Amino acid sequence: MDGIIEEPEWLEKDTGLWDLKVWHLIFICFSGVASVTIMLCCCIRFRIPRTKQEIEADFQRRKIAKKFREHLACIKNSEMDDMDLQKALERIRQDFLSDTQQAINNIEMRSSMENITNKKDQHSKLGAGV
């Protein structure tokens, strides 16, 4: 023994695939699995929220961000030239308030119309019952 380390014979056997040895195939398979694992971990965010509140908060954030992107898409390109985040938020806030006020007015109008039709129905029933 001149300081030479004997290698296991099974690692040096030919596999019959492109003159590859067993240790070549083991290394190639390990490298492939490691590469796929690294790519998945880098590309996909693996984080499980800890609580139900955190899950709901993440859902709300995504919903708000989606609505914000939709509203930003509605702003004209010429207005976007001098727009920053603060101005965009203010613009979207104004649009939201006007939409909310309009919805409230529509609901009030519908309820008043329903009240009028209900009163007419009650009067007609009273008049028919007499």
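Residues numbered from 1 in each chain as written. Predicted model: local features only at pLDDT ≥ 70, side-chain atom pairs only at ≥ 80, totals over all residues. Heavy atoms only, no water.

*Asks:* I keep staring at the overall build of the protein and nothing clicks. Help me out?
*Replies:* Summing up its helical and strand segments, the protein has four helices and zero strands in all. Starting at the N terminus, the α and β elements of the protein follow one another as α-α-α-α. By residue count, 5% of the 130 residues in the protein fall in the buried class. Looking at the protein alone, contacts between residues at least 24 apart form 3% of all its contacts between residues at least 6 apart. Carbon together with sulfur atoms contributes 62% to the accessible area of the protein, which is approximately 12200 Å² in total. (Helix = DSSP H or I, 4+ residues; strand = E, 2+ residues; numbered from the N terminus. Buried < 20%, exposed > 50% of the residue type's maximum accessible area, 1.4 Å probe, protein only. Contact = heavy atoms within 4.5 Å. Areas by Shrake-Rupley, 256 points an atom, 1.4 Å probe, with all protein chains shown as cover.)

*Asks:* Explanation requested: the pattern of salt bridges in the structure shown.
*Replies:* Considering all chains together, one arrives at three salt bridges under this definition. Across the salt bridge formed by E90 and R93, the nearest N and O atoms sit 3.0 Å from each other. Remark: R93 and E90 occur in helix α4 (residues 85–129); sequence separation between them is three residues, near one turn of the helix. Overall, E90 belongs to the partly exposed group, its relative accessible area being 36%. Accessibility expressed as a relative area gives 45% for R93, which makes it partly exposed. As a salt-bridge pair, D95 and R91 come within 3.6 Å of each other at their nearest N and O atoms. Of this pair, D95 and R91 both sit in helix α4, four residues apart, which is roughly one turn of the helix. A residue is classified by how much of its surface remains accessible, and R91, at 27% relative accessible area, is partly exposed. (Salt bridge = Lys/Arg side-chain N within 4 Å of Asp/Glu carboxyl O.)

*Asks:* Is there a simple way to explain a nonpolar patch on the surface in this structure?
*Replies:* A grouping of V36, M39, L40 and I44 is seen on the molecular surface, where their side chains present a nonpolar patch of about 360 Å² in accessible area. Residue placement: M39 occurs in helix α1 (residues 22–43). (Patch = residues over 30% accessible without salt bridge, like charges linked within 9 Å, V, L, I, M, F, W, Y side chains within 5 Å.)

*Asks:* In this structure, what is going on with the layout of surface pockets? I would like to understand it.
*Replies:* In this model, the largest pocket occupies a volume close to 250 Å³. If you list the elements that add at least two residues to the lining of the largest pocket, you get α2 (52–74) and α4. A class-by-class count of the residues in the lining of the largest pocket yields four nonpolar, one polar and three charged. (1 Å grid on protein atoms, 1.4 Å probe; cavity = no way out; pocket = protein on both sides within 12 Å on 5 of 7 lines; lining within 4 Å. Points joined across faces, edges and corners; volume = space filled by probe spheres on them. Nonpolar A, V, L, I, M, F, W, Y, C, P; charged D, E, K, R; others polar.)

*Asks:* Sorry, what's going on with the environment of D95 here?
*Replies:* Classification of D95 by relative accessible area gives partly exposed; the value is 27%. Between the C-alpha atom of D95 and that of H71, which follows or precedes it by 24 residues, the distance is 8.8 Å.

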